[in-house]
Structures are given as C-alpha cells and as structure tokens.
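# Overview (structure and organization)
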Amino acid sequence: MELVLMTDFGLKDGAVAAMKGVAQGVARNLAQRLPITDLTHDIPPFDIAEAAYRLRQTAPYWPDGTVFVTVVDPGVGTARKSVAARDVSGRIFVCPDNGLLTHLADEIGFEGVREIDEIAHRLPGSSESFTFLGRDLYAFIGARLACGDLQFDDIGPTLPEITRLEVHQATVLQNSGLEDRVVGSIPVLDVNFGNVWTNIPKSLLEQVGVNFGDQVQVVIKHNELERYREVIPFVHSFGFVPHGERLVYVNSLLHASLGMNCSSFAAHYGISSGAGWTVELGPV
Amino acid sequence: MELVLMTDFGLKDGAVAAMKGVAQGVARNLAQRLPITDLTHDIPPFDIAEAAYRLRQTAPYWPDGTVFVTVVDPGVGTARKSVAARDVSGRIFVCPDNGLLTHLADEIGFEGVREIDEIAHRLPGSSESFTFLGRDLYAFIGARLACGDLQFDDIGPTLPEITRLEVHQATVLQNSGLEDRVVGSIPVLDVNFGNVWTNIPKSLLEQVGVNFGDQVQVVIKHNELERYREVIPFVHSFGFVPHGERLVYVNSLLHASLGMNCSSFAAHYGISSGAGWTVELGPV
Amino acid sequence: MELVLMTDFGLKDGAVAAMKGVAQGVARNLAQRLPITDLTHDIPPFDIAEAAYRLRQTAPYWPDGTVFVTVVDPGVGTARKSVAARDVSGRIFVCPDNGLLTHLADEIGFEGVREIDEIAHRLPGSSESFTFLGRDLYAFIGARLACGDLQFDDIGPTLPEITRLEVHQATVLQNSGLEDRVVGSIPVLDVNFGNVWTNIPKSLLEQVGVNFGDQVQVVIKHNELERYREVIPFVHSFGFVPHGERLVYVNSLLHASLGMNCSSFAAHYGISSGAGWTVELGPV
C-alpha cells in the first residue's frame, strides 16, 4: 500500500529523507519496495489546525488502504499520546494525538482508533533520540502497516477518545425584516493563489437565497473588527470577471470562497486564516 | 507509463496531493500502481510562458510514452479548450489549450492533437467543482492514458490548431562596416543560480565569429533601455573565470547564457526574463 | 536499487526533472523502472559543507545498495575530478570530488573509491554541454549503477585520496580550578525550526558532568566575539520547558543542540552555522 507523508519539517534538510530511508528499509527487509508520496512538508511549523485541514482535503481522493503518516508535533517527547485511526475505506492515519484527526473524525469518521505503544513500535536502536519521532516511530510503524508487516489491531489498545481541535460550523443568521445571512470562518487560505477559503458549504449559500449569477454582500471581520465589505458577483470561476476583479466562487471542497482574478485577494486586502477571522455572506 | 506533473499550485497545500490521489485511484482500479514524478509545481502563478519553456527543457529527456500533465490555467472554468498532443516518440502532453505547447510544437512537433471532451473524461462525482480541473480532469485523464485505460485517439476530436504564444527568434544584425551581432530574448532565468538564459543558439554565435576563448560584447536592454553593457569572455564553464567575474557560456540547451562565477548575474545587474528583454552579443 | 538525489538546483525549474528523465531513460532501456527519491534540492547554492552534512545525516538510514547522486558543483566543467565511493553496506555515492564525502569518509568509511571517467560515462549526445553534469554525467551513471547496468569496479581507476573539507572536532577544555567545558562548532542549523545543531556528542557532555535535568552554561561566539551567554536546562525535548523558553537537548544524531520551545533560537539570537561559530557547554 502507498505511504503518504505530511510534516512541518520542510524539505531543505535531511529530515524527510531520513524518514523515507527508514520506511524503505522496512520494505527492503520484507523484500518489497514501498511507494511513498509527499502530501506536503510545508505545513507552517507547529500548525496542527492547517495540517488537520490538509488531511481532510486530500485523504478522500486516495485509494482504500493508503497509510498517511503526519508529523506536526510540538509536543514531541512529552506525555502526549500517539495514535493510529482507520476509516471505513481502510485508510490508516498515523500521527501524534494532538488534534490532527479532528476534521477526518467529524466528516468521514473512523471505524477504529488505537493508541500506539511508543516503546514496542520504535525503530530499533533509536532509544537515545527523543526529538525525531517522525523517523524513529511514525515512519517506521507507517511503513510496517503499509507493507503488511503489522496489522492495525496489533498497534496498541483501543483509544476511546482522540484529542480534538475546536471547530467552527457555518450558520445562518436570521434577521427579522432583513435578508438572512450565512456566517462562517476561514480555516485556511488557498495559499499559492491567495484565495480565501471559508467553511460555508454551497448549500447554506443557497439556503439564504444566493445562487450563481447573483451579487453577494461580503463582510470579513477579524476579532469583530470589519476588514472588508463589498458587493461582488457569485460566479463559477475566476475568468467570469475581469482581471483584478473580485468574485465569490465554490472551491474544490464545495465551500464558498473569495478570489481575485489572476491576483491575490488575501494579499490585496490583508486577509488571513484561523482564529478570529469570520466571513458573512448574503443576498443584496 | 510514467506520469509527469507540472503546475503553478506550489506544494504548500493539498492540491498536488489530491491530484496524485486521483491518479493512483485510477491505477488501483486497474490493479496497477502509477509512477509519478514532479516536473515542478513552482511555476510562477499564471505564467504560461515559463511553463511552456520548462516542458521543452525537460520532455526530450524522458522516455517514449511518458504522459505529461501540465496545469497552469488562469482560464479554468471558462470556454478555453483542453488539449492532448502526442509527439513522434509517443509522449503525450495533457493541458489547457492556452499556449503551453508552443515550444514543443515548434521544436519537436506533434503527430496528433486532440481536443479533450471535458464532460466525458471528468472524474466521476466532480461536476459541482469548477475551479480545480487539475484534480477533476487533467490528473484523471492523464492517469487513464498512462495506465493504458484510454487510448489517445479516444480522447476527443482532432484539434486543427493549438493556441500559441508569440515566440521571438534570435537573429543576426548585419551592420555595414561594423561587426555583425546576434540579438535575442531572455525566455527564462536559470532561477536558482541567477544565470541569464537567452534564446540565441551557439551556432548563431559562431556565425558572427564568436568562439570559445573570445571576448564578447554584451548589451542587455529592457524596453529598448540599456541595462547592462560589458565585454566579457566566452568560456566553457563558470570556473574558467575568477569568483564574482562575468562570463558568456553555452547552457544545457546549447543557448548562449550569461553568468557570474559563484554568484547571481540576474540579481547583481537587475536582469529579468520575458517581454521587453533583449540581449545583443557580438565580437569585440 | 533506489536512486537518491541531492542538489543545490532547487525545484523551481526543469533541472532536476531533466536528471530524472535521463535516469528513467536508462532504466527503460533495460526494461526497468527506477525508484527515485529526493534527499533535498534546497542545499544553499555552492554550499558543499552543508551538502556533506546532509549526506551523513541521512545515508545510514537507507537500505544497503542505495545509490546517492549529489550535485553541488561550483567547479563544474573544470579540472576537478568526479568520484564514486562505496561504503561497507554497498551504498554508492556519486558526486564531484570537492569535499562532499568528507563526513561519510570520517564517520562511516569507504571500502572503495573510484575516479569517474567523465568521457566514457557521459550521456550519449551531451558532449556540447559543459555546465550540467548533473544531467549529462551524474544522473546517467547513477542510474546505470542503480539498475545494475554498470558495476562499481568498472567506473574508473581507484582514486587514492578524496578531497576533504576541514572538519572541527569537539573537545574538552580543562580549566584548572574550574569546571571543565566542551567546545564545539555549529556545522548546520535545523533550518526549518531554527534549532542550533552542534558537533558535540552527548558523551562529551556527560564527560564534563552534564546530565539530563542539569542546568548548562552556554556560550556562543562568532569569530571569538560572544553572541549569546545564558544558563539553560538540559532536557529531553522541547515540551519540557514553557513556550518561548530555551533548552539544551540531544538531537536526532545524538549531538548537543540548542532550541526554543515552539520558536526559533537561531532567528531570535541571530545565530548561524559554519566557519567562525563556536559553542561552549559546561556545568554551572
């Protein structure tokens, strides 16, 4: 089975290559060669929330049985647990138990969750090293799972509850005498293009009467302070407005998003993601 | 067959990993595993010209039958076509029809060009998503081609003409009573090292009487304004001049290039690539 | 066998993809497909010392027989030699002979070293290109070795001595009447997190009486000028001190290192790596 790796280690040094070497060593000892794909290694350092979102964004597109190893681990070496969870398609997610599995648990669900025995499943000879469990534990156990050398049920005892991040749900604000509005959060940016991704599903937009072709009232706030207010069109894609013009569109996860054709909405208006950011959308 | 991916998506988020998941899903359904290589995902956003050059720079080094999927697509979701082209070595290039194939068409040539039927060849279940054809169309059809699940001739109808970028050809300027000179453009930089790559083939340099070991008169202009003028040596490689000294050399595509030994010519003299930049080379 | 690539080329252009195409072409001609992994391509341009360290950091984790191709080659095209070295586990290292193998030679050792015949082992048709031996020589010969198409002993004549970088060894300073101290260098940073990695093995710390849980006197100098002095705890990992607090820990290569919990020690105190930097550690 494929092994998919995500970390906040970057690719400038040897950390990820050491993890891959360990994983290929496991495979070699079983006379296999393990296919490994990078999800990304550019999660901002320690940003568990962004990594949790990237898992949710990509895992459903991978075949049954894929093993995902995620290492964003500010608590490495402390008492925080390590976890492996399996979804109904047999995909397995191996990571520190620090919230990384929040969105997968909510939106896809797990059929089994195990606490990893960090002593039993450690790379032999690594007991003096305390700060690189990506190499010494996660890549090693992930490779054993992907190669069929370890079964999910043998990882460790069932873990009754995983650590969860606080998650905001988009909601409809009903205004008596006024049009209803949807308010949501900005879980991540579409970082390379500067589009602003909200957690507002397309269905909620429709519920307040906003459909493709309509003009939309957009308000973005940070810590309740208004940062952007404009009426812009809700269209299918960037090229439906002139270069440099703003648009509301539905992103690849079917959530309402804000963009600027061939430019960066986020950079232009100083918008970021995460705690404190809210977006309000409604008909004009 | 190998699948080679190029985009302007970057690798900081999950976009490329979602594409790879879709492609591996195609392979898995056929009881295969697809080898995938990244050409680059750091094409500057929307820079079709640079991506077109990178295809030309690398494709000839890949084996027959390799499938290249390129997604630099500012017009995603609009009426622009999608295209698949096959060269005489059986390499297939899948991309939006926006100029990405210009250099390959000019310098290598295609034996067949098809318009992709975007409805028929879409990832099942993706019809609500309009802004991520990299995942929903191009990775999916590229994987089917690479796995042998779809034949080139079944992609769609023959496309009589592809969209082309304007391309500048290097030319010899004949000066009565003076030495001839070659004038060319700067299609790209050798970005990591700051070398300046021109479109002037080594053969044109020789035609105006410049050979290894000679001194060369170099003039660089931007929008007709002179930005650099110096006489520097034409040598085989960087180490033939002292650290920090300038040189003319022949790059890996056999075009005249400008460098600074162990330093960045482009950064030092403020030189960039693309529209408006010209380079003039001639004997002293 | 696996091919592992490291360069200072970056991944923004087509250089690495051209190397991989050449390597896959070699494999294809032998009816094989070659598994290729990137160690890193973000070695700072021309930084042989950092690349040498990354080889040492990762190679021992890769299976026997892995072929490593490293191209950090400011002297490309000059008289500097090209080398292939084999360790006792049958791993082969192909690179310019400019110091890249220093740490491997010192700490792991080679059982054979060959000078590469640059004419005989060149990619056919590449003789006009002088500045891209990564594609025209190293990837080509590396792929032939990894595919079993070329045997180590046929690479070229035995090379009696490789080029070596100057290496600093950590040493104990014995102070009469005072506590002993260890003084070492900073070969690299843990770049993504800003931790400062020294060359001081944990065993030397213990020799001067510093053990987990102790307070440590830390002094960092650059060119003999003091840049940082503080007493901080020696703990197992980051989470053993509060956010933003400093710590001494043992890194994944079992060397003493300096960190700041969830922050960058190097950025905060302006510490870098390489020539001129020293670290002194001792009991309080």
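Our subject in this report is the structure included herewith. (Residues numbered from 1 in each chain as written. Chains lettered and ligands numbered in written order. Predicted model: local features only at pLDDT ≥ 70, side-chain atom pairs only at ≥ 80, totals over all residues. Heavy atoms only, no water.)

Looking only at helices and strands, chain A has six helices and 15 strands in total. In terms of principal-axis extent, the alpha carbons of chain A reach across some 65 × 35 × 30 Å. Looking at chain A as a whole, 59% of its 284 residues qualify as buried. The long-range share in chain A, meaning contacts at least 24 apart out of those at least 6 apart in sequence, stands at 64%. Of the roughly 10600 Å² of accessible surface on chain A, a fraction of 49% belongs to carbon and sulfur atoms. For chain A, the distance from the average position of its 21 positive side-chain charges to the average position of its 34 negative side-chain charges is 3 Å. (Helix = DSSP H or I, 4+ residues; strand = E, 2+ residues; numbered from the N terminus. Buried < 20%, exposed > 50% of the residue type's maximum accessible area, 1.4 Å probe, protein only. Contact = heavy atoms within 4.5 Å. Areas by Shrake-Rupley, 256 points an atom, 1.4 Å probe, with all protein chains shown as cover. Lys, Arg positive; Asp, Glu negative; His and termini not counted. Charge placed at Lys NZ, Arg CZ, Asp CG, Glu CD.)

Here we take up the interface of chain B and chain A. Every contact between the two is made by 30 residues of chain B and, on the other side, 37 residues of chain A. Both sides of the chain B and chain A interface together cover about 2700 Å² of buried area, and 61% of this is carbon and sulfur. Where chain B touches chain A, the interface holds two salt bridges. Between A:K202 and B:E128 there is a salt bridge whose closest N-O contact spans 3.0 Å. Linking chain B with chain A are eleven residue pairs in polar contact (both at pLDDT 80 or more), by the criterion used here. The element that contributes the greatest number of residues to the side of chain B that touches chain A is helix α1 (residues 15-29) of chain B, accounting for nine residues. Considering only residue class, the side of chain B that touches chain A consists of 13 nonpolar, nine polar and eight charged. (Buried area = accessible area lost by both parts, 1.4 Å probe. Salt bridge = Lys/Arg side-chain N within 4 Å of Asp/Glu carboxyl O. Polar contact = N/O pair within 3.5 Å; in protein donor to acceptor, adjacent residues only side chain to side chain. Nonpolar A, V, L, I, M, F, W, Y, C, P; charged D, E, K, R; others polar.)

Once that is clear, we can look at the relation of the copies chain B and chain A. At an RMSD of 0.0 Å, chain B and chain A line up after a rotation of 120° and a shift of 0.0 Å along the axis. One copy is carried onto the other by what is essentially a three-fold rotation axis. Closest to the rotation axis within chain B is the C-alpha of B:P35, separated from it by 5.0 Å. (Least-squares fit on C-alpha atoms with pLDDT ≥ 70 in both.)

All right, on to the interface of chain C and chain B then. With 30 residues of chain C in contact, the opposing surface of chain B contributes 37 residues. Of the roughly 2700 Å² buried between chain C and chain B on both sides combined, carbon and sulfur atoms contribute 60%. Inspection of the region where chain C meets chain B yields two salt bridges. One salt bridge connects B:E2 with C:R33, and the closest N-O pair in it is separated by 2.6 Å. Summed over the shared surface of chain C and chain B, the result is eleven residue pairs in polar contact (both at pLDDT 80 or more).

Turning our eyes to something else, we now look at the state of the cysteines. Counting across every chain of the model gives zero disulfides over all chains. In this structure C:C262 is a free cysteine whose sulfur lies 17 Å from that of A:C95, the closest cysteine sulfur available. (Disulfide = S-S within 2.5 Å.)

Residue and element names in this part refer to chain B. Read across the open sheet, the four strands follow the order β9-β10-β14-β13; overall the sheet is antiparallel. Two strands close off the open sheet at either side, each with one partner strand: β9 (188-190) and β13 (246-250). Geometrically, the sheet is characterised by an average inter-axis angle of 35° between neighbouring strands, direction not taken into account. Bridge count between β9 and strand β10 (residues 195-201): three bridges; the pairing is antiparallel. Looking at β10, one finds that D190 is bridged to N195. Taken strand by strand, helix α2 (residues 48-58) contacts β9, β10 and β14 (255-260), and its axis lies near 60° from that of β9. (Pairing = 2+ DSSP bridges. Axes fitted to C-alpha atoms, helices over the stretch in contact; angles between N-to-C directions.)

Moving on, we get to the sheet that holds strand β7 (residues 171-173) of chain C. Residue and element names in this part refer to chain C. An order of β7-β8-β15-β11-β12 is seen for the five strands of this open sheet, with the pairing classed as antiparallel. Unpaired on one side and paired on the other, β7 and β12 (225-233) mark the two borders of the sheet. When the angles between neighbouring strand axes are averaged without regard to direction, this sheet yields 25°. By the bridge criterion, four bridges tie strand β8 (residues 181-185) to strand β15 (residues 277-283) in an arrangement that is antiparallel. Its bridge partner being in β15, V183 is matched across the sheet by E280.

The next point concerns the packing of α1(B) against helix α4 (residues 133-146) of chain B. Residues and elements named next belong to chain B. Contact pair α1 / α4: the axes reach a minimum separation of 8 Å and the direction vectors enclose 40°. In terms of their interaxial angle, α1 and α4 are classed as oblique. Like other packed secondary-structure pairs, α1 and α4 cross with a definite hand, here right-handed. Contacts between α1 and α4 involve A18, M19, V22, A23 and V26 from the first element and G134, R135, A139, F140, A143 and R144 from the second. Per-class residue counts for the contact of α1 with α4 are eight nonpolar, one polar and two charged. (Parallel < 35°, antiparallel > 145°, perpendicular 65-115°, else oblique. Left-handed = near helix turned anticlockwise from the far one by under 90°.)

All names here are of chain A. Across the five residues that make up strand β1 (residues 3-7), a large majority, five, are buried. Because side chains alternate across β1, one face comprises the buried residues L3, L5 and T7, and the other comprises V4 and M6, equally buried. Looking at chain direction, β1 and strand β3 (residues 67-71) are connected through five bridges and run parallel. Bridge assignment links T7 to a residue of β3, and that residue is V71. Bridge count for β1 against strand β2 (residues 36-40) is four bridges, and the pairing is parallel. What sits directly across from V4, in β2, is T37. Running through helix α1 (residues 15-29), the crossover from β1 to the neighbouring parallel element β2 is right-handed. (Right-handed = clockwise from strand over helix to strand, strands pointing away.)

Notably, A:N223 is not glycine yet its phi reads approximately 50°, a positive angle. In this structure, A:N223 sits in the loop between β11 (215-222) and β12 (225-233). Of the residues examined, A:N223 reaches a relative accessible area of 54% and is grouped as exposed. Here the phi dihedral of B:L254 falls at roughly 65°; this positive angle occurs in a residue that is not glycine. Structurally, B:L254 can be placed in the loop between β13 and β14. B:L254 gets classed as partly exposed once you look at its relative accessible area, which sits at 33%.

Within the secondary structure, B:H268 is located in helix α6 (residues 265-269). Sequence separation between B:H268 and B:G194 is 74 residues; the distance between their C-alpha atoms is 8.7 Å.

What follows concerns α1(B). All names here are of chain B. Between its first and last C-alpha atoms α1 spans 22 Å; for 15 residues at 1.5 Å apiece the expected length is 21 Å, and the two agree. Among the 15 residues that make up α1, 13 are buried, leaving the element largely enclosed by the rest of the structure. Taken from the residues just after α1, A31 is the one with a positive phi, measuring 55°. (Expected span 1.5 Å × (residues − 1).)

A separate point is the packing of aromatic side chains. The way to describe two aromatic rings as a pair is by their centre distance and the angle between their planes. Residues and elements named next belong to chain A. For the structure on display, the rule yields 35 aromatic pairs over all chains. Pairing F265 with Y269 gives two aromatic rings, centres 4.9 Å apart and planes at 50°, and the pair type is tilted. Linking F265 with Y269, this pair stays in helix α6 (residues 265-269), spanning four residues, or about one helical turn. You can call Y269 partly exposed: its relative accessible area is 23%. (Phe/Tyr/Trp six-rings, centres within 6.5 Å; stacked < 30°, edge-to-face > 60°.)

The next subject is the environment of A:G14. Within the secondary structure layout, A:G14 lies in the loop between β1 and α1. Take A:G14: its relative accessible area is 0%, and that puts it in the buried class. Setting aside residues up to four positions removed in sequence, A:G14 forms contacts with C:L39, C:R54, C:Q57 and C:T58.

In the structure shown here, the tally under the stated rule is 57 salt bridges over all chains. One salt bridge in this structure joins A:D106 and A:R164, with 2.0 Å as the shortest N-O distance. Of this pair, A:D106 sits in helix α3 (residues 102-107) while A:R164 sits in the loop between α4 (133-146) and β7 (171-173), and the two are 58 residues apart along the sequence. With a relative accessible area of 37%, A:D106 lands in the partly exposed category. Close ionic contact of B:D136 with B:R135 constitutes a salt bridge, the shortest N to O distance being 2.7 Å. Considered together, B:D136 and B:R135 belong to a single accessibility category, that of buried residues.

It is worth stressing that arrangement in space is one thing and function is another; only the former is reported here.
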